[in-house]
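Topology and contacts: notes
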Amino acid sequence: MAHPCAFVIFGAAGDLSRRKLMPALFHLWRGGHLDERTAFVGAARREWDDNAFRDEAAGSLREFVGADVLQDGAWERFAARLFFVGFDMNDQSGYERLKQRLEELDETSGVGQRRVFYLATPPQAFALASRQMDAAGLTQPLKTEDGDWPRIVVEKPFGRDLASSRELDAELLRSFDEERIYRIDHYLGKEMAQNLMVFRFGNTIFESIWNRNWIDHVQISVAESIGVENRGKTYEQMGAARDIVQNHIMQLLATVAMEPPSRFDAQRVRAEKTTVIEAIRPVDPESAETDFVRAQYIADAAGGQPVKGYRQENQVASDSLTETYMAGKFHIETWRWNGVPFYIRTGKRLSKRVTEASIHFKEPPMTLFRDCGGAPSNILTMRIQPDEGISLSIDAKKPGVAMALESALMAFRYSEAFPDRVMPDAYETLIMDVIMGDSMLFAPSEMHAAAWAVLDPLLTAWESPEICPLDFYPAGAAGPQSANAIMQRDGRKWSHF
Ligand code: BG6
């Protein structure tokens, strides 16, 4: 059971807090995972008092969880644990008032100075907030039997290249030690992302074939059907490489490719993942041209409903060169993976929402059934979302007098194997981990630095559109044609999703 703490949300009036954090905290509370004395403190530039914040929280839960959620007694008790401090993040006096409020809660709630500061704010505010907290005396280390406090949680993006991520780290490290910094990547909290490790290291049969002797290549796809929604302004500064590849895709890739840790603890798991990201060959200028594509969605009406192009989205420049899609090929230079390409792709406004990693095994040494149909090789697909599960495509004989093969699926689906279990939202898992002091599913600074080191040369090459031109794809398509060319050149194909 978790000890009580004060969970402070900076940016409590923002979208992330309303959409994700409040529902996650409420579910954890209602599920009995949090100590009843836990205090949830919202901080934002609003003239709210505690009651106004409670009304806002009720509104968020009604909107993002469901209208009936407030009807049981849990909400009343939860609401009584919500507090609010209104302030401008630039104004030092706000941090002083926050400190005072937290000290009162130490007294009245028995949270014993255990504090989590969650920065659900634009990244520009991270350094400022940690410096001001420091000046207000909010960051002093406290050792307890349940770990080191206070803890700070930061959302991505962690910089926009290696240099700026180093700067951000240096700022945070002035006030918090590395052990107390939780860089959140919600993909790691997804149930199947965690299951990838169990699948690989909790079973005997896969690990022995998990290498260059058996595997031809790996594909990782993060496809979204939505566009940039109301995030045009922020997205303009990011693009798909910074928004998804540097973090979510790198984390999935690392989980698929890491060496087995000698023990299942945060330090060893994170070290193995960092090692494998460090082993990815940085993209050189030549392969930036040949092995990577970037593209942007354009308007289309194919699905019956006209869909805007990226350049017509709110707060997006009409001549924007920001990529909403990227695909490419990475090489991991290790004993296990040398010569096995890792193809990745991600995009917005694609035909479907799918996140998966698929392992494409080599063809059998002899094609005995050359003329009988079937697929050339086995494919193991780990579906992160939706419809979480794992499937293996195998060749089977089609019933009948003739020898004809057809590809069949051996499938494990979470929803069938565990029909009564509700999957927790990734934020619930990760918030619980922060409160318990378990950093396994959070990326240390070195892991982010390694990911930036791989991507930096590519991002630099993309600054020259005449060398690496931006391609386009119609909204609702599977991606641009140029992405297929990367595969075709290698005699391979993208998996269908
Ligand atoms: C976020 C990205 O990290 O992940 C968004 O910033 C993206 O652009 C989102 O839409 C996707 O998350 P999920 O959980 O819906 O796959």
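The following refers to the structure shown. Along each chain, numbering runs from 1 in the same order as the chain's sequence is written. Local features in a predicted model are, by the rule used here, given only for residues with pLDDT of at least 70; side-chain atom pairs are given and counted only at 80 or more, and totals for whole chains, interfaces and linings are based on all residues. For the side-chain quantities, the full set of heavy atoms in the structure was used; hydrogens and water were omitted.

1. Some details on the overall build of the protein
Secondary structure elements are taken from DSSP: a helix is a run of H or I of four residues or more, a strand is a run of E of two residues or more, and numbering for both begins at the N terminus. The helix and strand tally for the protein stands at 15 helices and 17 strands. The quantity called the radius of gyration is restricted to C-alpha atoms. Its globule counterpart is 2.2 Å times the number of residues to the power 0.38. Relative to its length of 497 residues, the protein is compact, with a C-alpha radius of gyration of 24 Å against a globular reference of 23 Å. Burial statistics for the protein: of 497 residues in total, 53% are counted as buried. A contact between two residues is defined here by any heavy atoms of the two lying within 4.5 Å. By sequence separation, contacts in the protein at least 24 residues apart represent 76% of the contacts at least 6 residues apart. When the accessible surface of the protein is split by element, carbon and sulfur atoms take 51% of a total near 22,400 Å². Charge-centre separation for the protein: the mean point of 56 positive side chains lies 2 Å from the mean point of 71 negative side chains. Here's how the labels work: a residue is buried when its accessible area is under 20% of the maximum for its type, exposed when over 50%, partly exposed in between, all with a 1.4 Å probe on protein chains only. All accessible areas in this document rest on Shrake-Rupley with a 1.4 Å probe, and a residue is counted as covered only by the protein chains that are shown. Positive charge is attributed to Lys and Arg, negative charge to Asp and Glu, and no charge count is given to His or to the chain ends. By convention, the point assigned to a charge is CZ for Arg, NZ for Lys, CD for Glu and CG for Asp.

2. Some details on the pattern of salt bridges
The rule for a salt bridge is simple: a side-chain nitrogen of Lys or Arg has to be within 4 Å of a carboxyl oxygen of Asp or Glu. Considering all chains together, one arrives at 33 salt bridges under this definition. One salt bridge in this structure joins Arg 183 and Asp 169, with 3.0 Å as the shortest N-O distance. Of this pair, Arg 183 sits in strand β8 (residues 181–184) while Asp 169 sits in helix α6 (residues 162–175), and the two are 14 residues apart along the sequence. What makes Arg 183 buried here is its relative accessible area of 2%. A relative accessible area of 8% means that Asp 169 is categorised as buried. Where Arg 200 meets Glu 207, a salt bridge forms, and the shortest distance between an N and an O atom there is 3.2 Å.

3. Considerations on the pairing of strand β13 (residues 354–361)
Counting buried residues along β13, eight of its eight residues qualify, which places the element largely inside the surrounding structure. The alternating pattern of β13 places Val 354, Glu 356, Ser 358 and His 360 on one face and Thr 355, Ala 357, Ile 359 and Phe 361 on the opposite face, and all of these are buried. Following DSSP output, two strands are said to pair if at least two bridges run between them. Judged from the eight bridges that link them, strand β9 (residues 215–223) and β13 form a sheet pairing that is antiparallel. Opposite His 217, over in β13, you have His 360 as the bridge partner. Two elements, β13 and strand β14 (residues 379–385), share six bridges in a ladder whose sense is antiparallel. From the neighbouring strand, Glu 356 faces β14, where its bridge partner is Arg 383.

4. Quick word on the packing of helix α9 (residues 239–257) against helix α10 (residues 266–278)
Every axis corresponds to a line fitted to the C-alpha atoms, with the helix fit spanning only the stretch in contact, and the corresponding angles, defined between N-to-C directions, vary from 0 to 180 degrees. Where α9 contacts α10, the axes come no closer than 9 Å and their chain directions differ by 105°. With respect to each other, α9 and α10 are oriented roughly perpendicular. From α9, Met 250, Gln 251, Ala 254, Thr 255 and Ala 257 reach across to α10, where they touch Lys 273, Val 276 and Ile 277. In the scheme used here, Gly and all other residues not listed as nonpolar or charged are polar, with Ala, Val, Leu, Ile, Met, Phe, Trp, Tyr, Cys and Pro taken as nonpolar and Asp, Glu, Lys and Arg as charged. Of the residues that constitute the contact of α9 with α10, the class distribution is five nonpolar, two polar and one charged. Should an angle lie under 35 degrees it is considered roughly parallel, over 145 roughly antiparallel, and from 65 to 115 roughly perpendicular; all remaining angles are considered oblique.

5. Section: the packing of helix α1 (residues 15–30) against helix α2 (residues 50–64)
Between two packed helices, what matters for the description is the angle formed by their axes and the separation of those axes. Taken N-terminus to C-terminus, the directions of α1 and α2 make an angle of 95°; their axes are 9 Å apart at the nearest point. Taken together, the axes of α1 and α2 are roughly perpendicular relative to one another. The residues of α2 that touch α1, namely those facing Arg 18, Arg 19, Met 22, Pro 23 and Phe 26, are Phe 53, Ala 57, Ser 60, Leu 61, Glu 63 and Phe 64. Partitioned by chemical class, the residues of the contact of α1 with α2 number seven nonpolar, one polar and three charged.

6. A few points about the site of the ligand
Proximity is defined per residue: any heavy atom of the residue falling within 4 Å of a molecule or strand makes that residue near it. Residues in close proximity to the ligand include Lys 156, His 186, Tyr 187, Lys 190, Glu 224, Arg 231, Asp 243, His 248, Lys 348, Arg 353 and Gln 385, which together make up its full environment. Pairs of N or O atoms within 3.5 Å make up the polar contacts considered here, provided that, within protein, one atom can donate a hydrogen while the other can accept it, and that residues adjacent in sequence are counted only when both atoms are side-chain atoms. One of the side-chain nitrogen or oxygen atoms of His 186 is found 2.8 Å away from an oxygen atom of the ligand. Separating an oxygen atom of the ligand from a side-chain N or O atom of Asp 243 is a distance of 2.6 Å. Relative to its unbound accessible area of 390 Å², the ligand is 79% covered by the protein chains. Looking at side-chain class alone, the shell around the ligand contains one nonpolar, three polar and seven charged residues.

7. Considerations on the nonpolar core
Remark: nonpolar core denotes a set of buried residues (Ala, Val, Leu, Ile, Met, Phe, Trp, Tyr, Cys) joined through side-chain atoms within 4.5 Å. Ranked by size, the top nonpolar core spans 76 residues in total, and within it Phe 330 and Phe 342 carry the most contacts. Ala 24, Ala 58, Ala 120 and Met 432 belong to the second largest nonpolar core, which has 44 residues in total.

8. Observations regarding the environment of Glu 178
Relative to the helices and strands, Glu 178 is located in the loop between α6 and β8. Distance in space between the C-alpha atoms of Glu 178 and Ser 445 is 7.8 Å, their sequence separation being 267 residues. Sequence-distant contacts of Glu 178, that is, excluding residues within four places in its chain, are made with Leu 173, Arg 183, Pro 444 and Ser 445. In this structure the side chain of Glu 178 is engaged in a polar contact, spanning 2.8 Å, whose partner is the side chain of Arg 183.

9. Some details on helix α15 (residues 481–489)
For α15, the full list of buried residues reads Ala 483, Ile 486 and Met 487. With its buried residues spanning 90° around the axis, α15 presents them on a single face. Exposed residues on α15 whose side chains face more than 90 degrees from its buried face are Gln 481, Gln 488 and Arg 489. On its buried face, α15 sits against β9, α11 (285–290), β10 (292–298), β11 (325–331) and β12 (341–347). Where α15 terminates, the next one or two residues include Gly 491, which has phi positive at roughly 70°. The arc in question is traced by the directions running from the helix axis to the C-beta atoms.

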